[in-house]
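As a plain string of letters, each chain reads:
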Amino acid sequence: MPSVRSFEVGDVDAVADLFQRLLRKSAQPAGDDLKTYLRALFLDLTDRDPDIRSRVHVRDDGSVSGFIGVLPVQMEFEGRPVRAANCGTFACDDRESDPFAGARLLRDVLSGPQDFSFTETSNDVSTDMWRSMRATVLGPYSLEWLRVLRPAAFALEAAAGRMSALRLFTPVVKAADALIARRGGKSSWISYTPLAGKADAFADVAVDDEEFATLSQSFLAQYPLHPAWDNATLVAMLQHAKRKALHGERVQHAVKSRTGKAIGLYLYYGNPGGIGRTVQILAAPGQESVVIDCLLRNARERGLVAMRGRTQPILLNAMIGKKCTFLHASSTVVHSRNPDLLAAMTNGHAFLNGLAGEGWTRLIGDRFG
Amino acid sequence: MTDETRTAIRAFVVENFLFGDDSHPLPADLSLIDNDLIDSTGILELVSFLEERFAIQVADADIVPANLDTIDRIAGFISRKQAT
């Protein structure tokens, strides 16, 4: 009879194959780089909570037909320790011959010892499955924000994603954007003009992983439900996030006042001419708007054509008036039997997504050899 | 296994997988999988329904076509669970 058990070293090759075929939609066999990474992420990191493990679905013959990658996250809710399971990577084979395999796997994971389970990368099929398990979709955490910085170049970049030859028109669209910029005026949702404001009083400075981790801790404390990372854990995660070849160069900055006091942080990836991807924005209470302004200015100065990222309720409020567009690509879904935890999450009092999700891993945005 | 059990299961299937279309003949031995009436999502809804309606505990290992692919099999599964 098929069964579900913990992910083990001997499953790495099979899971890498599932990942490559079902999630990356690639016919190429999984390489050693991906296999090594899956082992590092889902086996080595889980030492932090040995009871919360990634799980595999196994056929009668012992071969692996499904996988849910689980990253244990130690969290804190109103001062009390809470165990969370971040269940982002979900792949299941044999939909024709065993249509219930995914259901068995998800039920098994959600019945684990954690206080709550969540994913920030749930597609529509997974979301329906989670909902069937009485999970809750967090709407304000499930939107992608997009701010266009150079409208003509953004349109070209978006189209060139499907037809790269269109990039031959880059000089033309640069001229068009220069013309739009010269006309000046107020920002609209299709053009961006940095306006004088509070952000002028602050500077963006590159920070190393240690400083980023230390500052993150101070900004996280405002959330009643937040990860209880120590610096070593956060630094290790930032090491994972060092490279995202598909998303571009990493920019890891603190926003500081003239006296050197940090009011926020941002971490994004992007190259000139491309669309930047924000993994994390963190700010001192009430300073979110300034930090977002600094992020957008930096991206524009570096020649990016647009910025995007995942919403959190506190950022959503700060983005009102900044001419962002909001879209839905994947959902943040949570499952818990604890009504207080659920209430904290549905009321926007939880720090989820980005670093408290899968955004820091190489599985999002990196290329594997 | 009673007609009442089968009727309750049938009503659930019609309501949730046939969107209320009760003109479907839905014989008790019709495969819900082969006829694309149920998938991974649907089975989780069905299991939640069975646990609540019939006060049984469904183990992950129970979620197999042999137990849940037809109305007859589901009714038999409920009987066995209630007998233990």
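Everything below is about the structure shown above.
Every residue gets a number counted from 1 within its own chain, in the order that chain's sequence is written. Throughout, the order in which chains and ligands are written sets their labels, letters from A for the former and numbers from 1 for the latter. At least 70 in pLDDT is required for a residue's local features to be given in this predicted model, at least 80 for side-chain atom pairs to be given and counted, and no such filter applies to totals for whole chains, interfaces and linings, which use all residues. Processing note: side-chain calculations cover all non-hydrogen atoms of the structure and skip hydrogens and water entirely.

Undergrad: I'd like a rundown of the packing of aromatic side chains, residues and numbers included.
TA: Residue and element names in this part refer to chain A. Only Phe, Tyr and Trp rings take part, Trp by its six-membered ring, and two of them pair if their centres are within 6.5 Å. Stacked means planes under 30 degrees apart, edge-to-face means over 60, and tilted covers everything else. Within this structure, the stated rule accounts for 10 aromatic pairs over all chains. Taking 5.8 Å as the distance between ring centres and 35° as the angle between the ring planes, the aromatic pair formed by Phe116 and Phe118 counts as tilted. Like Phe118, Phe116 is buried. Here Tyr223 and Phe351 contribute two aromatic rings whose centre-to-centre distance is 5.2 Å and whose plane-to-plane angle is 70°, an arrangement assigned as edge-to-face. With Tyr223 in the loop between helix H7 (209–220) and strand S9 (225–227) and Phe351 in the segment after helix H11 (339–346), this residue pair connects regions lying 128 residues apart in the sequence. With a 1.4 Å probe rolled over the protein chains alone, any residue whose accessible area is under 20% of its type maximum counts as buried; one over 50% counts as exposed, and the rest are partly exposed. Accessibility expressed as a relative area gives 8% for Tyr223, which makes it buried. The rule for a charge over a ring is simple: NZ of Lys or CZ of Arg within 6 Å of the ring centre, and within 35 degrees of the ring normal. The residue whose ring lies beneath Lys244 is Tyr269, and the NZ or CZ to ring-centre distance is 5.7 Å. Above the face of the Tyr37 ring, Arg362 is positioned so that its terminal group lies 5.1 Å from the ring centre. Think of it this way: any DSSP run of H or I at least four residues long counts as a helix, any run of E at least two long counts as a strand, and we number them from the N terminus.

Undergrad: Break down a negative patch on the surface for me, citing the residues and quoting the values.
TA: Any residue with relative accessible area above 30% and no salt bridge may belong to a patch, with like charges joined within 9 Å and the nonpolar Val, Leu, Ile, Met, Phe, Trp and Tyr side chains within 5 Å. Each accessible area value is a Shrake-Rupley result obtained with a 1.4 Å probe; residue values ignore everything except the protein chains displayed when judging cover. One side-chain nitrogen of Lys or Arg within 4 Å of one carboxyl oxygen of Asp or Glu is enough to make a salt bridge. Within this scheme the basic residues Lys and Arg register as positive and the acidic residues Asp and Glu register as negative, but His and the chain ends are omitted. Taken as the charge location is NZ of Lys, CZ of Arg, CG of Asp or CD of Glu. A contiguous patch of negative charge, built from A:Glu96, A:Asp124, A:Asp128, B:Asp34, B:Asp36 and B:Asp39, is present on the exposed surface. With respect to the helices and strands, the residue B:Asp39 is situated in the loop between helix H1 (3–17) and helix H2 (40–54).

Undergrad: Outline the interface of chain A and chain B, listing residues and values.
TA: Contacts are assigned to residue pairs with any non-hydrogen atoms lying within 4.5 Å of each other. Between chain A and chain B, the residue contacts involve 15 residues of the former and 20 residues of the latter. Across the interface of chain A and chain B, roughly 1,600 Å² is buried in total on both sides, 61% from carbon and sulfur atoms. Taken together, the links from chain A to chain B amount to 3 salt bridges. Of the charged contacts, one joins B:Glu52 and A:Arg134 as a salt bridge, the two residues approaching to 2.4 Å between their closest N and O atoms. Under this definition, polar contacts are N or O atom pairs within 3.5 Å; protein pairs additionally need one hydrogen-donor-capable and one acceptor-capable atom, and for neighbouring residues in sequence, both atoms have to be side-chain atoms. In this structure, the connection of chain A to chain B is made through 9 residue pairs in polar contact (both at pLDDT 80 or more). The set of elements that each furnish at least two residues to the side of chain A that touches chain B consists of helix H3 (101–110) and helix H4 (124–132) of chain A. No other element matches H3(A), which puts 6 residues into the side of chain A that touches chain B. Residues are grouped as follows: Ala, Val, Leu, Ile, Met, Phe, Trp, Tyr, Cys and Pro are nonpolar; Asp, Glu, Lys and Arg are charged; every other residue, Gly included, is polar. Its residues assigned to classes, the side of chain A that touches chain B comprises 8 nonpolar, 2 polar and 5 charged. By buried area we mean the combined loss of accessible area, with a 1.4 Å probe, across both parts when two parts are placed together.

Undergrad: Could you give an account of helix H4 (residues 71–83) of chain B, with specific residues and numbers?
TA: Turn by turn, an α-helix covers 3.6 residues, leaving residues three or four places apart pointing in a common direction. All names here are of chain B. With 13 residues, H4 should cover 18 Å at 1.5 Å per step; its first-to-last C-alpha distance of 18 Å lies within 8% of that length. Among all positions of H4, only Ile71, Ile74, Ala75, Gly76, Phe77 and Ile78 are buried. Lining the buried residues of H4 we find H1, H2 and helix H3 (65–68). Expected span, for any helix, means 1.5 Å times one less than how many residues it has.

Undergrad: Hey, could you go over the pairing of strand S10 (residues 250–257) of chain A for me, with residue numbers and the actual values?
TA: Residues and elements named next belong to chain A. Within S10, 8 of the 8 residues are buried, which leaves it mostly tucked inside the rest of the structure. Neither face of S10 is exposed, since Arg250, Gln252, Ala254 and Lys256 on one face and Val251, His253, Val255 and Ser257 on the opposite face are all buried. Each pair of strands is called paired provided DSSP finds at least two bridges between the two strands. As defined by bridge partners, strand S8 (residues 202–206) adjoins S10 across 5 bridges and the pair is classed as antiparallel. Bridge assignment links Asp204 to a residue of S10, and that residue is Val255. As defined by bridge partners, S10 adjoins strand S11 (residues 262–269) across 7 bridges and the pair is classed as antiparallel. From the neighbouring strand, Val251 faces S11, where its bridge partner is Tyr268. Connecting S10 to the next strand, S11, in antiparallel fashion are 4 residues, including Gly260 with a positive phi near 95°.

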